[in-house]
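Results of the structural survey
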Amino acid sequence: MTHDPLLIFDEIFSRARSIEGPLYNAAALATVSVDSGPSVRMVLVKNADARGFVFFTNLLSRKARELAADSRAALCFWWPRLSIQIRVEGIVEPVDESEADEYFATRPRESQIGAWASQQSEPLASYEVLLRSAGEVSRRFANGIVPRPPHWSGSRVLPRSIEFWHERPGRLHERRLYVKTDDGWESSLLQP
Ligand SMILES: Cc1cc2nc3c(=O)[nH]c(=O)nc-3n(C[C@H](O)[C@H](O)[C@H](O)COP(=O)(O)O)c2cc1C
């Protein structure tokens, strides 16, 4: 058995992709709010490899502002069919412009338009205003590709710890925690 938690994650993530449905890559992302309180919302993890876990968002959003002030973050995945939870804690760094461009280009056109139309996390006078904004963006780019907005990009959570939780009978669940050290990953079991 491998002792690299990212390889273990990979194997579970591919099983989740095949049986958990289209939102298999949804995870709760926790950040630290400006008053040091917790702040959490769902994101889609679009890329997971040896470096970490990538999600994309508006760089002016609440989450992005919080991460700019404090780069610590946590992710929590839950796959009901696999009965597995994975918790990741680490720090976040921005992805390269090229990685963001590449992913943005694969998004459906409506989502690309939405990225321009929405000032994510800002107050909105009415839903009509948002629809009007999307209509204007749509007309503006009517004759060509929709470029990636400068305020839209990706962030990579670089893991410092990863915990695997497997549901077991009698609530005697199996928890294994991996913590990154200078020499690699150290693992230990936790009580359920
Ligand atoms: C299943 C699911 C997946 C989501 N994925 C993303 C995502 O990948 N990026 C994103 O910016 N918002 C995503 N959202 C919306 C966020 O949960 C959140 O409402 C939005 O990003 C604003 O959060 P903030 O104000 O804390 O920045 C998703 C919501 C759900 C329910």
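Throughout what follows, the structure given in this document is the object of discussion. (Residues numbered from 1 in each chain as written. Predicted model: local features only at pLDDT ≥ 70, side-chain atom pairs only at ≥ 80, totals over all residues. Heavy atoms only, no water.)

On to the pattern of salt bridges, then. Using the criterion set out here, one finds twelve salt bridges in the structure. The partner of Arg175 in a salt bridge is Glu163, and the shortest N-O contact between them spans 2.7 Å. Within this pair, whereas Arg175 is found in strand E8 (residues 174-181), its partner Glu163 is found in strand E7 (residues 152-166), the two being separated by twelve residues in sequence. Glu163 matches Arg175 in its accessibility class, with the two residues each being buried. It is possible to trace a salt-bridge network through shared partners that takes in Arg41, Arg62 and Glu66. (Salt bridge = Lys/Arg side-chain N within 4 Å of Asp/Glu carboxyl O. Helix = DSSP H or I, 4+ residues; strand = E, 2+ residues; numbered from the N terminus. Buried < 20%, exposed > 50% of the residue type's maximum accessible area, 1.4 Å probe, protein only.)

For the rest of this paragraph, the subject is helix H1 (residues 5-19). With 15 residues, H1 should cover 21 Å at 1.5 Å per step; its first-to-last C-alpha distance of 21 Å lies within 8% of that length. Along H1, the residues classified as buried are Pro5, Leu6, Ile8, Phe9, Ile12, Phe13 and Ala16. Buried residues of H1, viewed axially, fall in a sector of 145 degrees; they line one side. Regarding H1, its N-cap is Asp4, as a side-chain oxygen of that residue lies 2.8 Å from the backbone nitrogen of Leu6 further along. At the exit of H1 stands Gly21, carrying a positive phi of roughly 90 degrees. (Expected span 1.5 Å × (residues − 1). Arc of directions from axis to C-beta. Polar contact = N/O pair within 3.5 Å; in protein donor to acceptor, adjacent residues only side chain to side chain.)

Before going further, it helps to examine the environment of Ala100. Its place among the elements puts Ala100 in helix H3 (residues 97-106). Those residues in contact with Ala100 that lie beyond four places of it in its chain are Phe56, Val95, Arg148, Trp152, Ser153 and Gly154. (Contact = heavy atoms within 4.5 Å.)

Membership of the largest hydrophobic core comes to 28 residues, with the highest contact counts inside it found for Phe9, Phe53, Leu75, Phe77, Trp79 and Ile86. Elements represented by at least two residues in this core include exactly H1, strand E1 (26-32), strand E4 (52-58), strand E5 (72-79), strand E6 (84-94) and E7. The element contributing the most residues to this core is H1, with six residues. Excluding its chain neighbours within four sequence positions, the residues that come into contact with Trp79 are Phe9, Ile12, Phe13, Ala16, Glu20, Tyr24, Ile84 and Ile86. (Core = buried A, V, L, I, M, F, W, Y, C linked by side-chain atoms within 4.5 Å.)

Position of Glu66 among the secondary structure elements: in helix H2 (residues 62-69). A distance of 2.8 Å separates a polar atom in the side chain of Glu66 from a polar atom in the side chain of Ser39. Within the local environment of Glu66, its side chain forms a polar contact with the side chain of Arg41, the two groups lying 3.3 Å apart.

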